[in-house]
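# Structural overview for review
Take a look at the letters that make up each chain.
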Amino acid sequence: MASGPNMMAPICLVENNYEKLSVNQKALQILDKISQPVVVVAIVGLYRTGKSYLMNHLAGQKHGFPLGSTVQSKTKGIWMWCVPHPFKPNQTLVLLDTEGLGDVEKGDPKNDSWIFALAVLLCSSFVYNSMSTINHQALEQLHYVTELTELIRAKSSPTPEGVEDSTEFVSFFPDFIWTVRDFTLELKLNGLPITEDEYLENALKLIPGRNMKVQISNLPRECIRHFFPKRKCFVFDRPTKDKELLANIENVAENQLEPEFQEQTKNFCSYIFTQARTKTLREGITVTGKRLGTLVVTYVDTINNGAVPCLENAVTTLAQLENSAAVQKAADHYSQQMAQRLRLPTDTLQELLDLHAACEREAIAIFMENSFKDENQEFQKKLVEILRDKKESFLLENEEASVKYCQAKLDHLSKALMENISAGTFSVPGGHKLYLETKERIEQDYWEVPRKGVKENEVFQRFLQSQAAIEKSILQADKALTDGEKAMAEERARKEAAEKEKELLRQRLQEQQQEMEAQRRSLEENMVQLRAKLEREREDLRREQNMMLDHKLKVQKDLLLEGFRMKSEEMNAEINHLKNKIETRNNDAPCMARVLDRIGTEITSILSAPAKLLGSVVSGVVSLFKKK
């Protein structure tokens, strides 16, 4: 969607009825039409704390997400509003407003935990909204963050001993933004002014002590510090001192609100519009609206089946769908471009093969752009097979068009000849010479016809063969020729026929060589683009792992500076594990070479290159990548 969606109002994305989650199909249809990358902002917090008001402002509206003026929670489940991004025209802003946590009307508190976990999994910026101040009570109310280790898994496989699965959270968790409403304190620490961010970081410092009460109190602080590498805080004054206005704030004019509150709301929105990241999965996989819909369904289905949502499994599910669609998109592009740019019959085989190579290059690029996690390049190989078959189909169409065109031209040019043969025009003394002159004029006129295509020689050769018996009959009946002259004419005709056959064989050999070269080019193009993609993925993973390492080293250093030596040392296992992974990744060049060797062989097999070409093509092309 080039201009983004045009939703006039929000719609429920995840319904929460009778303590069971379900995905709204109408909301999925909206997401399915969004091919743009999405910036996903989710807001979570206790019910009746003004979450919806902030989200409406991000949508540029006063109304939309329902604002309640009673103690009852207005939002149930997760509501979604997709709007054009005000600063990024090629992206869509997806706003997720969640039902209030801690609603007394809800029976099962586990529901709150799942809503919290889903918001974390789906968004790129996670806004936690609370009232008054960030104190012990506020952090206790954020106990949901401590439950994430039981509600989310990063990997489906077991982690090494001493390393928790949650140590991977930092690689895909959203940015954390704490909004504090009705804030009445001064932003000061030890008598000195501090920023909102410094206020948050000070509140997240661990409390000294080893008793159980202190450990429980510290757990939310530790989780936020460990899981969310980028943190931000905004404090808001009370919107108005007038209780009546406050109860109907969506109908209150901006100038009736406190100036400080207006400025704070403006700053919050500006930060979201300029700093909120595009939603990505691990290793830099960009999430579009369509992909977000798949993730929602995958996570909710997993929860309803009594299992824990796993990012790795969700990405695998998403990859299967997206890669299959990428193959189809690439194949369709190839077919459309070939149909638009191909004029049948082509003058030469090379003309068609060059056009095929250009369209194939574009198709592979489209596949590479839209695919990810293509294990063993199964989908790429499927595309190679499809494009090979499509190319063969175009080659056949080209040959048929050439045959049809050439035959029609020959039928027209030889019409008079055939009529004269039927009328006995050449059955007279000197008839053979007259016949040869007529045939030569036909041949001369035939070769002057432009763009006859790849079958021009073969069709003309068939015509000559069809005339051979007739010519011999006319020759033998020509009384103007001696027996010696007839014998010489027969010998000359045999030599000419043999030369024509050789010429046809030379053309076929040349075309075989051209097709072999086309197969080599196809292999090389696949390998060039695959290598570039593997290198991009390796760089994305390297960047992600380095970010994780930097974050963990910072957390460890902060713990040490705050006097928590033991907790700092407890991080050594996960830090060393990550360092080993980075070291292994940095030394995986031979692994990439082996992958290219294997894929090169498999793609060559699909392209059905002649046996004598297999080894040389694979070793020749793959060696290029080993040297780079």
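Just so we're clear, the structure is a prediction, and the values are computed from it rather than from any experiment.

From N to C terminus, the chain includes 21 helices and ten strands. For the chain, the proportion of its 628 residues judged to be buried stands at 47%. Once local pairs closer than 6 in sequence are excluded, the contacts in the chain between residues at least 24 apart make up 75%. Only carbon and sulfur atoms are counted for the fraction: they give 52% of the accessible area of the chain, which is about 30900 Å².

Quick look at the sheet that holds strand S2 (residues 20–23) now. One open sheet accounts for eight strands, arranged S2-S1-S4-S5-S3-S6-S7-S10; its pairing is mixed. In this open sheet, the two edge strands, each paired with only one partner strand, are S2 and strand S10 (231–235). Ignoring which end each strand starts from, the neighbouring axes of this sheet average 20° apart. In the sheet, strand S6 (residues 125–131) pairs with strand S7 (residues 175–181) via seven bridges, with the strands oriented parallel.

This part is about unusual backbone geometry. Each neighbour pair has its own omega, and for Leu-344 with Pro-345 the value is -5°, a cis peptide bond. Position of Pro-345 relative to the elements: it lies in the loop between helix H11 (311–341) and helix H12 (349–370). For Ser-132, which is not glycine, the phi torsion reads 80° and is therefore positive. Along the chain, Ser-132 turns up in the loop between S6 and helix H4 (136–141). Given a relative accessible area of 34%, Ser-132 falls into the partly exposed group. Of note, the phi angle at Lys-373 is positive, near 50°, even though the residue is not glycine. Structurally, Lys-373 is set in the loop between H12 and helix H13 (378–413). Note on Lys-373: relative accessible area 32%, which makes it partly exposed.

On to the nonpolar core, then. One finds Val-41, Phe-116, Leu-148, Trp-178 and Phe-268 to be the most contacted residues of the largest nonpolar core, which totals 100 residues. Sort the elements by how many residues they give to this core and helix H3 (residues 110–122) lands first, with nine residues. Residues within four places of Leu-148 in sequence aside, it is in contact with Phe-116, Ala-117, Val-120, Phe-169, Phe-173 and Phe-227. Counting 35 residues, the second largest nonpolar core, distinct from the first, contains Met-338, Ala-518, Met-527 and Leu-596.

The computed volume of the largest pocket comes to approximately 1400 Å³. Along the walls of the largest pocket sit 48 residues, with Glu-283, Lys-373, Glu-375, Glu-537 and Arg-585 positioned nearest its centre. Of the residues forming the lining of the largest pocket, the biggest block, ten residues, is contributed by helix H17 (residues 483–561).

This brings us to the pattern of salt bridges. In the structure shown here, the tally under the stated rule is 41 salt bridges. The closest approach of N and O atoms between Glu-537 and Lys-533, which form a salt bridge, is 3.9 Å. With Glu-537 and Lys-533 both in helix H17 and four residues apart, the pair spans about one turn of that helix. One connected set of salt bridges, linked through shared partners, spans Glu-168, Arg-282, Glu-544 and Lys-581.

Among the structural elements, Lys-409 can be located in helix H13. Here Lys-409 falls in the partly exposed class, since its relative accessible area comes to 31%. Sequence spacing of Lys-409 and Asp-445 is 36 residues, and the spatial spacing of their C-alpha atoms is 9.6 Å.

Along the polypeptide, Asn-398 turns up in helix H13. Overall, Asn-398 belongs to the buried group, its relative accessible area being 1%.

This next bit is on the pairing of S2. Side chains Leu-21 and Val-23 of S2 all project onto a buried face; the interleaved residues Lys-20 and Ser-22 project onto a face where none is buried. Taken together, the four bridges between strand S1 (residues 11–17) and S2 define a ladder with antiparallel strand orientation. Residue pairing across strands places Asn-16 opposite Leu-21, the latter belonging to S2. If you look at the hairpin formed by S1 and S2, you'll find two residues sitting between the two strands, and Tyr-18 has a positive phi there, around 55°.

Below, the discussion takes up the packing of aromatic side chains. This model, assessed by the stated rule, comprises 26 aromatic pairs. With centroids separated by 5.0 Å and ring planes inclined at 50°, the aromatic side chains of Phe-176 and Phe-228 adopt a geometry described as tilted. One end of the pair, Phe-176, is in strand S7; the other, Phe-228, is in the loop between helix H7 (212–227) and S10, with 52 residues separating them in the sequence. Grouped by ring-pair contacts, the aromatic residues Phe-116, Phe-126, Tyr-128, Tyr-144, Phe-169, Phe-172, Phe-173, Phe-176, Trp-178, Phe-227 and Phe-228 constitute a single cluster. Directly above the aromatic system of Tyr-446 lies the positively charged group of Lys-452, at a separation of 5.1 Å from the ring centroid.

Criteria and cut-off values
Residues numbered from 1 in each chain as written. Predicted model: local features only at pLDDT ≥ 70, side-chain atom pairs only at ≥ 80, totals over all residues. Heavy atoms only, no water. Helix = DSSP H or I, 4+ residues; strand = E, 2+ residues; numbered from the N terminus. Buried < 20%, exposed > 50% of the residue type's maximum accessible area, 1.4 Å probe, protein only. Contact = heavy atoms within 4.5 Å. Areas by Shrake-Rupley, 256 points an atom, 1.4 Å probe, with all protein chains shown as cover. Pairing = 2+ DSSP bridges. Axes fitted to C-alpha atoms, helices over the stretch in contact; angles between N-to-C directions. Core = buried A, V, L, I, M, F, W, Y, C linked by side-chain atoms within 4.5 Å. 1 Å grid on protein atoms, 1.4 Å probe; cavity = no way out; pocket = protein on both sides within 12 Å on 5 of 7 lines; lining within 4 Å. Points joined across faces, edges and corners; volume = space filled by probe spheres on them. Salt bridge = Lys/Arg side-chain N within 4 Å of Asp/Glu carboxyl O. Phe/Tyr/Trp six-rings, centres within 6.5 Å; stacked < 30°, edge-to-face > 60°. Lys NZ or Arg CZ within 6 Å of the ring centre and 35° of its normal.

Just distances and angles here, no functional claims.
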